[in-house]
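Residues per chain, in single letters:
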There are 2 protein chains.
Amino acid sequence: MSTVLSRRDLDFLLFDWLGADDLVERARYAEHSHETFEAVLDLAETIATERFAPINRTLDLHEPIVGPDGKVVLPDGLAEALAVYRDSGMPSAVFPEELGGMQLPYLVAQGAFVFFQAASAAAASYPFLSAGNANLLVAHGSPEQIDRYARPVIEGRWFGTMCLSEPHAGSSLGDITTRAVRQEDGTYRLFGTKMWISGGDHELTENIVHLVLAKVEGAPPGVKGISLFIVPKFVVEDDGSIGERNDVALVGLNHKMGWRGTTNTLLNFGEGFATPGGARGAIGHLVGEEGQGLAQMFHMMNEARIDVGLGAVALGYTGYLHALQYAKERTQGRLAGQKDPSLPMVPIVEHADVRRMLLAQKSYVEGGLGLVLYCSRLVDEQETAPDEATRARAHRLLEVLTPIAKSWPSQWCLAANDLAIQVHGGSGYTRDYPVEQFYRDNRLNPIHEGTHGIQSLDLLGRKVVLDGGAWFAELVSTMRDTVERAAQRQELAQFAAEVGARVDRLVEVTRTLWADGDPAVALANSAVYLEATGHVVIAWVWLEQLLAVGDRTGEFFDGKRAAARYFRVFELPKVDAQFDLLASLDRTVLEVDPAVL
Amino acid sequence: MSTVLSRRDLDFLLFDWLGADDLVERARYAEHSHETFEAVLDLAETIATERFAPINRTLDLHEPIVGPDGKVVLPDGLAEALAVYRDSGMPSAVFPEELGGMQLPYLVAQGAFVFFQAASAAAASYPFLSAGNANLLVAHGSPEQIDRYARPVIEGRWFGTMCLSEPHAGSSLGDITTRAVRQEDGTYRLFGTKMWISGGDHELTENIVHLVLAKVEGAPPGVKGISLFIVPKFVVEDDGSIGERNDVALVGLNHKMGWRGTTNTLLNFGEGFATPGGARGAIGHLVGEEGQGLAQMFHMMNEARIDVGLGAVALGYTGYLHALQYAKERTQGRLAGQKDPSLPMVPIVEHADVRRMLLAQKSYVEGGLGLVLYCSRLVDEQETAPDEATRARAHRLLEVLTPIAKSWPSQWCLAANDLAIQVHGGSGYTRDYPVEQFYRDNRLNPIHEGTHGIQSLDLLGRKVVLDGGAWFAELVSTMRDTVERAAQRQELAQFAAEVGARVDRLVEVTRTLWADGDPAVALANSAVYLEATGHVVIAWVWLEQLLAVGDRTGEFFDGKRAAARYFRVFELPKVDAQFDLLASLDRTVLEVDPAVL
């Protein structure tokens, strides 16, 4: 049994449930077939298992350091693993053939990428960020920019970053102060400091393409003044060759609780930025038009948020598989009622509470994986569905689901990692077993790419109200459709009714929250709203999975039923208290005076 | 504002609520006064803040290593901090005057010790384990054993350990295989391997007193065959001087996710234990009679479990104070509705979701501290209450509350640490801020001294049914008494009614669970029972605290009201779904076939 990921489950979700094979009927994917999809998954599983998983602990133990020459030193094995990844063609998975890409559906590419995230979150983050970077340039860059900066990233020769946050501005991007000064040759010079830049400096690739948010001098305050710039670590000459070093300096490395194999940096753009008159500044190239930076970045951010959800699932999933293996091998104690101490000890999976912890993990990680892959299919739908109505519908649904796909796995697959430690007992708390690292690595996910709180404001403050609630209505009708279909099957009728009742409640509570239109009151408990909605959505995903299971029996399908039952019985009822709280328009957090805290 | 602990809150709980001053009326504490109690708390706060807190990160960064001479090397500062602790007399806090002790009430000693646990969990664990060790010997050792082995520990000159687990037997102590061979001189020779021994080897003190569970040859199988032995690292001569090295060998150090400053060891007793005929064996001295080992150890274990709860609270509490300070200093974004980007950013405590996270932490840590200190007062009651009925009542109540006092803070004050990280955002995930260490350190608490699952079996499988349910009835009547008193106060009537309803439900559900007497069914969801009961108990603790607040106003008392309100509105309703699940006698975890996981 693989402890990285369950290929069986992945195949079920991709092909049995989400109909990945149907996509080959679309012109964009006509060159593909079930066999090519499986071949990509095979390749990903092999490389992840053989190259990424073995170095995961090494990356944790040997954090990047800055060598005496000022260069970042990374532990052995990482460059080699990433070279194998590059040579496999994986970096080009979703890109079009004319850019040298595999032109895979996003759904299948995600199914492949999750292996890498499960095998080593830190190693996978270099290609993860690079793909988002290239994707953004392909969407918004000029043909010349795509050729010069995106192609090498798609080929896996260079890596890319996203430079958004600054030391004083993380969630509040409108307050960034990095300045861009227009030059006569059409380029810009950037001056400022960027914080939390993953992959911000290293020697893994010969160049790094930074995508940097900055404000052109004279731009309006707030988010409207933000523009997006390409700032390569080394200037790229007209023939694509590497030129001189750009004015981007590594100030320091951040030291995190987990995710230690990813260099995370503080970067200065324009070394002398305090006295810009005397400094050269970092040469930057505007992407699109001035003032469009945040909108462009959100094109990347939306997919990045789904990918964060996928990464959270991946860590939860591999943790679950490790805990399951341990529970079947480790013996301890006897069953309740077995009083004879001379009987042999039983594998701990025989203890009810251990099974509870395993079922909980299974319900979280398989539910979470289902949601994220469902969203990935929506990305394909919004881009390649044959008719405009379907594309528009997919877009609305995806927008509403994105904050949930990011936050739910970040919360509950971290909870799965917590349970994986608990199943291991004292061993799980040591660095001799991998589950403690998964737990530390996964703790990042509720923070980056928009915190849990930010996601909750995005859902309740934006997505739910946009377009007169039409986006939210799309989610509701989609869930109700599933409930109706499930209600037709006797063995699913009860679960369907329970999900249906919570969907009704969600609609009602959402209306109550916005009844008087006061955002302070509506949003006071937005995190509770996000969490309750997330649980309803995952229950719906489980109902969908059971519909895909149908009448089939056997260990795999019975396992789906068991995990769904766990979620139905142990998890879904939690939302009732949350909805009650929300419906009461409770003002506890709104009214508390910070002075009394 | 101290970020270690709130002295104001501690004084409120000890003196306003739990009436610590009343204890001086008892003969045992007649030498004490409010002033001596306060002096001890002052001393603890000062030493913890000035000596323990500053080395906490150092202990995390520089784990113990085994030097070339085979000796354990600990980071600078630890020995010095512990020497100051020793010289303060703290190790003797609860011990009687005739043993050189301060003869403090347990309640006050706990109030002092929590400062050390909050300042450095790892550093505090050396005296923590030593106090439990000496306490056990004072209770069960012979006068000669007390003089020879407990006195030096009480004086802080030696440290002590508890050697229970073995590599193959952690929770299942009946399965230990360490053997004790009777010698003609009345001593024993021990052969075996002990795992997870905190403080198992170091050079901090000139000797270490190990208390070791082992089975005398010919003893019955299971827990009845367990005896307890004193096994000093160095043999102690008749005059109390240090003799030759005993046959106890350090095999290796465990490397944990947190709590890194505490040496955690694998020890061999009798180096040649594989061929006992040729090995000397470790010289051990039987405590009490053969076969009493587990009962004796539980004397220590019960208090150790309360102390684990206290340690979990301490980490949650200091994390909360750090998060609060950060939230008041860090600025980010603007309030909902403030659209003008040129306005200055606000401290993040102004954001509703940040206040929610702070209130949650406050409700967990102040509720948890209340529970653990209440239990500490019960320890005093069961030992020194003037009449036998009160002592017996305290004993019953303490027994029922112990698994909750251990597990609830281990779960929810860890959750507080999780929220403390979240309040800090990306900074909280770095080792530049202390909250990530608190989170890692606290993750141990649901595991050691009996896992969460073990506590749930202890509560539902033992404590609730013992003596025909009389112990449990004690808790119920105590909570109902509080509800009745609170119902008399208009501002508390609603909360009282809500707690009262949950107490009723707890009684009813407990009856349902045991209705047909099948332990497999009753205990299938014991962890859910533990968690639901824990939340009801903490709600009751909050009601008690509000009664102690009375009509008083001002920031501190209004803060109590706000935290209690949070717990009432956001937390207590969670138990309804848990009770519903329990009442349904759900068989999901009971029935799932491990093969389908």
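Calculation notes
- Residues numbered from 1 in each chain as written.
- Chains lettered and ligands numbered in written order.
- Predicted model: local features only at pLDDT ≥ 70, side-chain atom pairs only at ≥ 80, totals over all residues.
- Heavy atoms only, no water.
- Contact = heavy atoms within 4.5 Å.
- Buried area = accessible area lost by both parts, 1.4 Å probe.
- Salt bridge = Lys/Arg side-chain N within 4 Å of Asp/Glu carboxyl O.
- Buried < 20%, exposed > 50% of the residue type's maximum accessible area, 1.4 Å probe, protein only.
- Helix = DSSP H or I, 4+ residues; strand = E, 2+ residues; numbered from the N terminus.
- Least-squares fit on C-alpha atoms with pLDDT ≥ 70 in both.
- Axes fitted to C-alpha atoms, helices over the stretch in contact; angles between N-to-C directions.
- Parallel < 35°, antiparallel > 145°, perpendicular 65-115°, else oblique.
- Left-handed = near helix turned anticlockwise from the far one by under 90°.
- Pairing = 2+ DSSP bridges.
- Polar contact = N/O pair within 3.5 Å; in protein donor to acceptor, adjacent residues only side chain to side chain.
- Phe/Tyr/Trp six-rings, centres within 6.5 Å; stacked < 30°, edge-to-face > 60°.
- pLDDT = per-residue confidence, 0-100.

## Observations regarding the interface of chain B and chain A
Counting from both sides, the interface comprises 84 residues of chain B and, opposite them, 84 residues of chain A. Summing both partners gives a buried area of about 7,300 Å² for chain B against chain A, and 61% of it is carried by carbon and sulfur. Sorting the residues of chain B by area buried against chain A places Tyr429(B), Arg431(B) and Leu597(B) first, and these three jointly supply 12% of that buried surface. Connecting chain B to chain A are eight salt bridges.

## A short note on helix H11 (residues 435-442) of chain A
Taken across its eight residues, H11(A) has eight buried, putting it largely inside the fold. Among all positions in H11(A), only Val435(A), Glu436(A), Gln437(A), Phe438(A), Tyr439(A), Arg440(A), Asp441(A) and Asn442(A) are buried. Against the buried residues of H11(A) lie helix H3 (56-61), helix H6 (121-140), helix H8 (293-329) and helix H10 (388-424) of chain A together with helix H10 (388-424) and helix H11 (435-442) of chain B.

## Remarks on the relation of the copies chain B and chain A
Once turned by 180° and shifted 0.0 Å along the axis, chain B lies on chain A with an RMSD of 0.0 Å. Such a combination of rotation and displacement between the chain copies is what one expects of a two-fold axis. Relative to the rotation axis, the closest C-alpha in chain B is found at Lys574(B), a distance of 3.4 Å. The overlap is high: 100% of the interface residues of chain B also sit at the interface in chain A, so the same surface is used on both sides.

## Quick notes on the packing of H8(A) against H10(A)
Residues and elements named next belong to chain A. Where H8 meets H10, the closest approach of the two axes is 8 Å, and the angle between their N-to-C directions is 20°. Considering the angle they form, H8 stands roughly parallel to H10. Between H8 and H10 the crossing geometry is left-handed.

## Some points on the pairing of strand E12 (residues 282-286) of chain A
Residues and elements named next belong to chain A. Among the five residues in E12, four count as buried, and that is most of the element. Where strand E5 (residues 188-198) lies against E12, three bridges are found, and the strand directions are antiparallel. Paired with Leu 190 across the strands is Ala 282, a residue of E12. Bridge analysis of strand E7 (residues 226-232) against E12 gives two bridges, and the strand direction is antiparallel. Paired with Phe 229 across the strands is Leu 286, a residue of E12.

## With respect to the side chain of Ser130(B)
Residue and element names in this part refer to chain B. Along the chain, the position of Ser 130 falls in helix H6 (residues 121-140). Among the polar contacts listed, one links the side chain of Ser 130 to the backbone oxygen of Tyr 126, at a separation of 2.8 Å. Looking at Ser 130, its side chain comes within polar contact range of the main-chain nitrogen of Gly 160, at 3.0 Å.

## Details of the side chain of Glu381(B)
Within the secondary structure layout, Glu381(B) lies in helix H9 (residues 352-384). Filtering out sequence-adjacent residues up to four positions away, Glu381(B) remains in contact with Leu23(B), Arg26(B), Thr390(B), Arg391(B) and Ala394(B).

## Concerning the environment of Pro519(B)
Residues and elements named next belong to chain B. Along the chain, Pro 519 falls in helix H15 (residues 519-523). When the C-alpha positions of Pro 519 and Leu 460 are compared, they lie 9.6 Å apart, and in sequence the two are 59 residues distant. Residues contacting Pro 519, with those up to four places away along its chain left out, are Trp 514 and Ala 524.

## Examining the environment of Gly186(B)
Residue and element names in this part refer to chain B. Mapping Gly 186 onto the fold places it in the loop between strand E4 (179-182) and strand E5 (188-198). With a relative accessible area of 49%, Gly 186 lands in the partly exposed category. Between the C-alpha atoms of Gly 186 and Gly 284, which are 98 residues apart in sequence, the distance is 9.6 Å.

## Some details on the packing of aromatic side chains
All names here are of chain A. Using the criterion set out here, one finds 37 aromatic pairs over all chains in the structure. When the ring of Phe 12 is compared with that of Phe 556, the centres are 5.4 Å apart and the planes differ by 65°; the resulting orientation is edge-to-face. Here Phe 12, found in helix H1 (residues 7-17), pairs with Phe 556, found in helix H17 (residues 555-571); they are 544 residues apart in sequence, far enough to count as distant. When sorted by exposure, Phe 12 lands in the same class as Phe 556, which is buried.

## Quick look at the confidence of the model for chain A
Mean pLDDT over chain A: 96, with 99% of residues reaching 70 or higher. Here the predicted complex scores 0.98 on pTM and 0.97 on ipTM.

## A short note on unusual backbone geometry
Within the chain, Trp259(A) stands out as a residue other than glycine whose phi angle is a positive 55°. For Trp259(A), the position within the fold is in the loop between strand E10 (248-253) and strand E11 (264-269). Residue Gln103(B) is not a glycine yet carries a positive backbone phi of 55°. Examined against the element boundaries, Gln103(B) turns out to sit in the loop between helix H4 (78-87) and helix H5 (106-119). Given a relative accessible area of 11%, Gln103(B) falls into the buried group.

## Things to note about helix H18 (residues 574-583) of chain A
Those residues of H18(A) lying buried are Val575(A), Ala577(A), Gln578(A), Phe579(A), Leu581(A) and Leu582(A). Contacts from the buried residues of H18(A) go to helix H14 (493-513), helix H16 (526-549) and H17 of chain A together with helix H17 (555-571) and helix H18 (574-583) of chain B. Phi for Leu585(A), located one or two positions after H18(A), is positive at around 50°.

## As for the pairing of E7(A)
All names here are of chain A. The buried fraction of E7 amounts to seven of the seven residues, a majority that puts the element mostly inside the structure. Residue alternation in E7 divides its side chains into two sets, Ile 226, Leu 228, Ile 230 and Pro 232 and Ser 227, Phe 229 and Val 231, and both sets are buried. Across seven bridges, strand E6 (residues 208-216) lies against E7 in antiparallel orientation. In the strand pairing of E7, Leu 211 is matched with Ile 230.

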